[in-house]
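Residues per chain are reported as follows:
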Amino acid sequence: MPVNEMVRVKVALVHAPGAAGVKAGAETATKTEPSIQLVGFDARMPEHNHGMMVKPRLTKQGDGWIVDGVKLHMPGDWEFRFDLLVAGQKSSLVFHRVI
């Protein structure tokens, strides 16, 4: 991901096999996938206690989401947070990446 450039991030949310939402019966297994919505995104630098200087916009597109307006203004350790609604329950996915 480039530093100090506005970028667009494409997000695909998929269900992992064997994760919540899979129900097994006596003779068959049926998969019931709960709805997943991306309701928020933020990128922060925990070591510096600050985030991006812009607020990104979320747009539903097909089976995924587009996050417009992501600008990582300096190199370093960034924390990416995706706020989700999974079957109506709030959840978050967080990962780190050095840019």
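About the cut-offs
- Residues numbered from 1 in each chain as written.
- Predicted model: local features only at pLDDT ≥ 70, side-chain atom pairs only at ≥ 80, totals over all residues.
- Heavy atoms only, no water.
- pLDDT = per-residue confidence, 0-100.
- Contact = heavy atoms within 4.5 Å.
- Salt bridge = Lys/Arg side-chain N within 4 Å of Asp/Glu carboxyl O.
- Helix = DSSP H or I, 4+ residues; strand = E, 2+ residues; numbered from the N terminus.
- Buried < 20%, exposed > 50% of the residue type's maximum accessible area, 1.4 Å probe, protein only.
- Polar contact = N/O pair within 3.5 Å; in protein donor to acceptor, adjacent residues only side chain to side chain.
- Pairing = 2+ DSSP bridges.
- Axes fitted to C-alpha atoms, helices over the stretch in contact; angles between N-to-C directions.
- Core = buried A, V, L, I, M, F, W, Y, C linked by side-chain atoms within 4.5 Å.

A. Spotlight on the confidence of the model for the protein. Scored by pLDDT, the protein comes out at a mean of 83, with 81% of its residues at no less than 70. Low pLDDT, under 50, characterises residues 21–30; the predicted model gives this stretch 11 contacts beyond four residues in sequence or across chains.

B. Structural context of the pattern of salt bridges. One pass over the structure, following the stated rule, counts 2 salt bridges. Measuring nitrogen to oxygen at the nearest pair gives 2.6 Å for the salt bridge that ties D68 to R8. Linking D68 in strand β7 (residues 64–70) with R8 in strand β1 (residues 7–12), this pair joins segments that are 60 residues apart in sequence.

C. Expanded view of the side chain of D68. Residue classification places D68 among the buried residues on the basis of a relative accessible area of 14%. A distance of 2.6 Å separates the side chain of D68 from the side chain of R8, its partner in a polar contact. With sequence-adjacent residues up to four places away left out, D68 is seen in contact with V7, R8, P56 and R57.

D. Just the sheet that holds β7, in detail. One open sheet holds the 3 strands; their spatial order is β1-β7-β6, and the pairing between them is antiparallel. Both edges of this open sheet fall to β1 and β6 (57–61), since each of them pairs with a single strand only. When the angles between neighbouring strand axes are averaged without regard to direction, this sheet yields 25°. Taken together, the 5 bridges between β6 and β7 define a ladder with antiparallel strand orientation. The residue bridging T59 from the neighbouring strand is I66, located in β7.

E. Quick peek at the sheet that holds strand β8 (residues 77–86). Taken in spatial order, the 4 strands line up as β5-β4-β8-β9 in an open sheet, and their pairing is antiparallel. Because the sheet does not close on itself, it has two edges, and the strands there are β5 (50–51) and β9 (89–98). Of the strand pairs in this sheet, β8 and β9 are connected by 10 bridges, and their pairing is antiparallel. Within the sheet, the bridge partner assigned to L84 lies in β9 and is S91.

F. Geometry of the environment of V70. In this fold, V70 is placed in strand β7. Judged by relative accessible area, which is 1%, V70 ranks as buried. On a C-alpha basis, the gap between V70 and R8 in space is 6.3 Å, while along the polypeptide they are 62 residues apart. Excluding its chain neighbours within four sequence positions, the residues that come into contact with V70 are M1, E5, M6, V7, V9, F41, M52 and P56.

G. How the structure looks around the nonpolar core. Counting residues in hydrophobic clusters, the biggest one holds 17 residues, and the most contacted among them are F41, V70, L72 and W78. Elements with a minimum of two residues in this core: β1, β4 (36–45), β7 and β8. When neighbours within four sequence positions are excluded, W78 is seen to be in contact with A43, R44, M45, G51, M52, L72, H73, F95, H96, R97 and I99.

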